[in-house]
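Examining the three-dimensional arrangement
As a plain string of letters, each chain reads:
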Amino acid sequence: MCLMLGPPNVGKTLLLKRLNSCSSKGNFSDLEDAACTVSTVGTNLVNIVTGKKSEVVIRELGGCMAPIWSTYFKDCSAVLFVVDVSNRHQVSAACILLLEVLGNKMLASAPTLIVLNKCDMPNVMNRVEVESIFCLNDIVQRATQSVHVIECSARDGTGLVHIFQWIQQNAHV
């Protein structure tokens with residue numbers, strides 16, 4: 001199982017819906033209108049089709065559940081950690097949550113993808129700013145698991161195919 005984590009309102013639910021819809025259709029360029037979403041209070045469980053006869057289960061955990069995320073780490077094979085790059089006030093809190101996730105022994109070998117979401121919004125932090133605030137180079141060097149970063153917009157589809165490819169390569173049933 002793959003976990004999708006991140007602070008509240010970073011776009012995890014829409015990202016999950018987009019990945020599900022696009023993977024089912026096998027098309028990442030013809031997007032439907034963005035679905036309305038509300039903050040996830042519990043969990044969402046979605047199967048993402050990764051091949052003709054294969055799929056990966058992704059469990060989204062609501063940001064408000066951060067204090068108990070670790071209870072879901074046992075069966076986790078990969079982590080998608082979503083950050084809202086348009087919300088400068090939330091980025092430092094996201095960094096702290098990310099460090100807690102990466103430091104958990106149960107996830108020591110779980111590949112982790114940091115998704116810089118909402119890159120299509122006005123006045124977003126660029127990748128260099130986020131890398132600086134998160135000290136991403138240090139995190140990548142010191143983490144026991146592999147850590148990658150992809151910029152995306154769940155709303156307009158930017159980067160979705162790259163996230164899907166990462167899931168195909170790193171998330172296991």
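Below is a short write-up of the structure. (Residues numbered from 1 in each chain as written. Predicted model: local features only at pLDDT ≥ 70, side-chain atom pairs only at ≥ 80, totals over all residues. Heavy atoms only, no water.)

**With respect to the environment of V147**
In plain terms, the rule: Secondary structure elements follow DSSP: runs of H or I of four or more residues count as helices, runs of E of two or more count as strands, with numbering from the N terminus. Summary of the burial criterion: residues with accessible area below 20% of their type's maximum are buried, those above 50% are exposed, and those between are partly exposed, where the area comes from a 1.4 Å probe applied to protein chains only. In what follows, a contact means two residues having at least one pair of non-hydrogen atoms within 4.5 Å.
Mapping V147 onto the fold places it in strand β6 (residues 147-151). Residue class for V147 comes out buried when judged on its relative accessible area of 8%. Taking the C-alpha atoms as reference points, V147 and P67, separated by 80 residues in sequence, lie 22 Å from one another. Excluding its chain neighbours within four sequence positions, the residues that come into contact with V147 are L102, T112, I114 and V140.

**Some thoughts on the layout of surface pockets**
Going by this rule: A cavity, in this analysis, means grid points on a 1 Å lattice covering only the protein atoms where a 1.4 Å probe fits yet has no way out; a pocket is instead an open set bounded by protein on both sides within 12 Å along at least five of seven lines, and a residue lines either one if it has an atom within 4 Å of a point. Grid points are joined across faces, edges and corners, and a volume is the space filled by probe spheres set on the points. Ten residues, namely Ala, Val, Leu, Ile, Met, Phe, Trp, Tyr, Cys and Pro, are considered nonpolar, four, namely Asp, Glu, Lys and Arg, are considered charged, and the remaining ones, Gly among them, are considered polar.
Counted as a void, the largest pocket has a volume near 350 Å³. As for the largest pocket, its lining consists of 24 residues, of which N9, V10, G11, T37 and K118 are closest to the centre. Element by element, the count of residues in the lining of the largest pocket is highest for helix α1 (residues 12-25), at three residues. Of the residues contributing to the lining of the largest pocket, the split by class is nine nonpolar, ten polar and five charged.

**Notes on the pairing of strand β3 (residues 54-61)**
Our working definition: The rule for pairing is simple: two strands pair if DSSP sees at least two bridges between them.
Sheet analysis places strand β1 (residues 2-5) next to β3, joined by three bridges and oriented parallel. Bridge assignment links L3 to a residue of β3, and that residue is R59. The pairing of strand β2 (residues 43-51) with β3 spans eight bridges and is classified as antiparallel. Across the sheet, residue N47 finds its bridge partner in β3, namely V57. With antiparallel pairing between neighbouring strands as the criterion, β2 and β3 make up a hairpin whose turn holds two residues.

**A closer look at helix α3 (residues 127-134)**
For clarity, the threshold we go by: Counting of polar contacts relies on pairs of N or O atoms within 3.5 Å, with two restrictions inside protein: one atom must be capable of donating a hydrogen and the other of accepting it, and residues adjacent in sequence are counted only when both atoms are side-chain atoms.
Its side-chain oxygen 3.0 Å from the backbone nitrogen of V128, N126 forms the N-cap of α3. Where α3 terminates, the next one or two residues include C135, which has phi positive at roughly 55°.

**With respect to the sheet that holds strand β5 (residues 112-117)**
This is how it is decided: Note on method: axes are straight lines fitted to C-alpha atoms, helices fitted across the in-contact stretch only, with angles between N-to-C directions ranging 0 to 180 degrees.
Overall, mixed pairing links the six strands, which are arranged β2-β3-β1-β4-β5-β6 in an open sheet. Of all strands in the sheet, those with a lone pairing partner are β2 and β6, marking the two edges. Taken over all neighbouring pairs, the strand axes of this sheet differ in orientation by 25° on average, direction set aside. In terms of strand pairing, strand β4 (residues 78-84) meets β5 through six bridges, oriented parallel. By the bridge assignment for β5, V82 is matched with V115.

**Re α1**
Counted only if it meets this: The span one expects for a helix is its residue count, reduced by one, times 1.5 Å.
A rise of 1.5 Å per residue sets the reference length of α1, with its 14 residues, at 20 Å; its end C-alpha atoms lie 20 Å apart and thus fit the reference within 8%. Listed as buried for α1 are K12, T13, L14, L15, L16, R18, L19, C22 and S23. At its buried positions, α1 is contacted by β1, β2, β3, β4, β5 and α5 (160-170). Two residues or fewer past α1, G26 is found with a positive phi of approximately 70°.

**Brief notes about the packing of aromatic side chains**
Quick note on the threshold: Each Phe, Tyr or Trp ring (for Trp, its six-membered ring) is paired with any other whose centre lies within 6.5 Å, and the angle between the two planes then decides the class: stacked below 30 degrees, edge-to-face above 60, tilted in between.
For the structure shown, the criterion picks out one aromatic pair. Seen from their ring centres, W69 and F81 are 6.4 Å apart, and the 80° between their planes marks the pair as edge-to-face. You can see W69 sitting in the loop between β3 and β4 and its partner F81 sitting in strand β4, a full twelve residues away along the chain. Across the pair, exposure class does not vary: W69 and F81 are buried alike.

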